[in-house]
Amino acid sequence: MGKIILTGDRPTGRLHVGHYVGSLRRRVELQNSGEFEKIFIMIADAQALTDNADNPEKVRQNIIEVALDYLSVGLDPSKSTLFIQSMIPELTELTFYYMNLVTVSRLQRNPTVKNEIQMRNFEASIPVGFFCYPISQASDITAFKATTVPVGEDQLPMLEQCKEIVRKFNSVYGETLVEPDILLPDNKACLRLPGTDGKAKMSKSLGNCIYLSDKPDEVKKRVMSMYTDPEHLNITDPGHLEGNTVFTYLDAFSKPEHFPEFLPDYANLDELKEHYQRGGLGDVKVKKFLNNVLEAELAPIRARRAEYEKDIAYVYEILKKGSDAAREVAAETLSDVKNAMKINYFDDKALIEEHIKKYSGK
Ligand code: TRP
């Protein structure tokens, strides 16, 4: 069996550089590596609704944004199947059967769910759908028999929960589902890229994100006002790297070839860091370099987005085709699942025979 990727994002906003280094960039590499038999990239609108039930319009408006972001980073619909979660009703059906294999206390212990309940002030009244989204996520993954799930570190508990469901299902009903592996970013800076203000969480409301679709002047503004080292007041002061957002972003984005191109006084990032720590290197110079590094990465993304923006009908067509193809695969898995659970009554000749016999008096 070949390796299969399934991953996705909630469409609650445009995607930013955190999504990019945390997952999108890797997906494109994996897509182009030729190592994978199939790649499914899902816009998780149904999951987004689990904590946006009162705002379906937000989700509806952001599906196209996420699709454009996907295409603009280089996900290629001829190599990867891009689809919309809610267009695959089989996923919901799988979730309903998996629910019987998971306890309430297990869901309560899921660290990501715990954290999100706090963040959303759901403590007093948690929507059942939200509470169960880890189970629905297990359906997303298993429906496509995914072997590999490239996601950010925050999704680790989801993968653990999914593996447990797979093991439980297979032990109760027989070997049916595939246990997936998580694929985390290999660069530490990419695991959780901070906001431009140095805060751990990137969010629209904090205004500390750089979006993939931001214009060059917006990116520059964010970079030039980035949080650095509060003790580095004069150029001659020694600077610190720990918690210094500019250097974290350089760790995530800079490549060896950026030095001869944009900052030939330094051979590599280590030399730049050394000088900064020694003192005598100003923040503005480093920020300008970071801006060039980011632009080198973002300019082609922006250009590709502009092309797709000219043909939105085509982008919807891509999603429709992808959803149709994804649905076929999920339907096969659902059929495997129902066969394993023996809830395939009309296809089960032996069962019907048995009952005919039982009532024919023989
Ligand atoms: N939970 C993911 C997020 O927050 C989105 C998602 C839904 C997902 N289903 C998935 C990711 C399955 C990987 C695999 O963005």
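The structure presented is a predicted model; accordingly, all values stated were derived computationally and were not measured. (Residues numbered from 1 in each chain as written. Predicted model: local features only at pLDDT ≥ 70, side-chain atom pairs only at ≥ 80, totals over all residues. Heavy atoms only, no water.)

(A) How the structure looks around helix H15 (residues 283-309). Compared with an ideal rise of 1.5 Å per residue, which puts 27 residues at 39 Å, H15 spans 36 Å between its outermost C-alpha atoms and is within 8% of the ideal. Largest kink in H15: about 35°, centred on leucine 298, with the proline proline 300 one to four residues after it. (Helix = DSSP H or I, 4+ residues; strand = E, 2+ residues; numbered from the N terminus. Expected span 1.5 Å × (residues − 1). Bend = angle between axes of the 7 residues up to and from the residue.)

(B) Representation of the site of the ligand within the structure. If you check the shell around the ligand, you find 14 residues, and the closest are Met42, Gln47, Gln137, Asp140 and Gln155. At 3.1 Å from a nitrogen atom of the ligand is found a side-chain nitrogen or oxygen belonging to glutamine 155. Relative to its free-state accessible area of 360 Å², the ligand is covered by the protein chains to the extent of 90%. Among the detected pockets, the ligand sits in the largest pocket. For the shell around the ligand, the elements supplying multiple residues, two or more each, are strand S1 (3-9) and helix H8 (133-143). When residues in the shell around the ligand are grouped by element, the largest group, four residues, is from S1. Looking at side-chain class alone, the shell around the ligand contains six nonpolar, five polar and three charged residues. (Near = heavy atom within 4 Å. Polar contact = N/O pair within 3.5 Å; in protein donor to acceptor, adjacent residues only side chain to side chain. Areas by Shrake-Rupley, 256 points an atom, 1.4 Å probe, with all protein chains shown as cover. 1 Å grid on protein atoms, 1.4 Å probe; cavity = no way out; pocket = protein on both sides within 12 Å on 5 of 7 lines; lining within 4 Å. Sits in = over half its atoms within 2 Å of the grid points. Nonpolar A, V, L, I, M, F, W, Y, C, P; charged D, E, K, R; others polar.)

(C) Up close: the state of the cysteines. Taken as a whole and judged by the stated rule, the model has zero disulfides. A disulfide-free cysteine, cysteine 132 has its sulfur positioned 15 Å from the sulfur of cysteine 162, the nearest such atom. (Disulfide = S-S within 2.5 Å.)

(D) Structural detail: unusual backbone geometry. Residues other than glycine seldom take positive phi values, yet lysine 145 does so here, at roughly 50°. When you line up the elements, lysine 145 lands in the loop between H8 and strand S4 (148-150). Even without a glycine there, the phi angle at lysine 342 is positive, about 60°.

(E) Inspection of the side chain of aspartate 51 at higher detail. Relative to the helices and strands, aspartate 51 is located in the loop between helix H2 (45-49) and helix H3 (56-73). Here aspartate 51 falls in the buried class, since its relative accessible area comes to 17%. Looking at aspartate 51, its side chain comes within polar contact range of the side chain of arginine 120, at 2.3 Å. Contact partners of aspartate 51, with chain neighbours within four places excluded, come to Arg10, Arg120, Phe122 and Phe130. (Buried < 20%, exposed > 50% of the residue type's maximum accessible area, 1.4 Å probe, protein only. Contact = heavy atoms within 4.5 Å.)

(F) A look at the domain arrangement of the protein. Entries for the protein in the domain assignment read domain 1 (4-192 + 312-353) and domain 2 (216-308). The gap between the C-alpha centroids of domain 1 and domain 2 is 35 Å. One can count two salt bridges joining domain 1 with domain 2. Here glutamate 65 ties to arginine 305 by a salt bridge, and the two come within 2.9 Å at their closest N and O atoms. Our count for the domain 1 to domain 2 interface comes out at six residue pairs in polar contact (both at pLDDT 80 or more). Those elements that provide at least two residues to the side of domain 1 that touches domain 2 are helix H1 (17-33), H3, helix H10 (188-191) and helix H16 (312-340). Top contributing element to the side of domain 1 that touches domain 2 by residue count: H3, with six residues. Each residue belonging to the side of domain 1 that touches domain 2 can be placed in one class, and the counts come to twelve nonpolar, three polar and four charged. (Domains from an automatic or database assignment. Salt bridge = Lys/Arg side-chain N within 4 Å of Asp/Glu carboxyl O.)

(G) Expanded view of the pattern of salt bridges. In total, this model carries 23 salt bridges according to the counting rule given. Two residues, arginine 27 and aspartate 9, come together in a salt bridge whose shortest N-O distance is 3.0 Å. With a gap of 18 residues between them, arginine 27 in helix H1 and aspartate 9 in strand S1 connect regions that are remote in the sequence. Arginine 27 sits in the buried class, given a relative accessible area of 3%. Between arginine 14 and aspartate 214 there is a salt bridge, and its shortest N-O distance comes to 3.8 Å.

(H) Fine view of the pairing of strand S2 (residues 36-43). With respect to burial, S2 is a largely interior element, six of its eight residues being buried. Two strands pair when backbone bridges link them, and S1 and S2 are joined in this way by seven bridges, in the parallel orientation. Across the sheet, isoleucine 4 pairs through a bridge with lysine 38, a residue of S2. In this fold, the crossover linking S1 to S2 by way of H1 has right-handed handedness. Here S2 runs beside strand S3 (residues 81-84); their pairing, made up of four bridges, is parallel. By the bridge assignment for S3, isoleucine 43 is matched with isoleucine 84. (Pairing = 2+ DSSP bridges. Right-handed = clockwise from strand over helix to strand, strands pointing away.)

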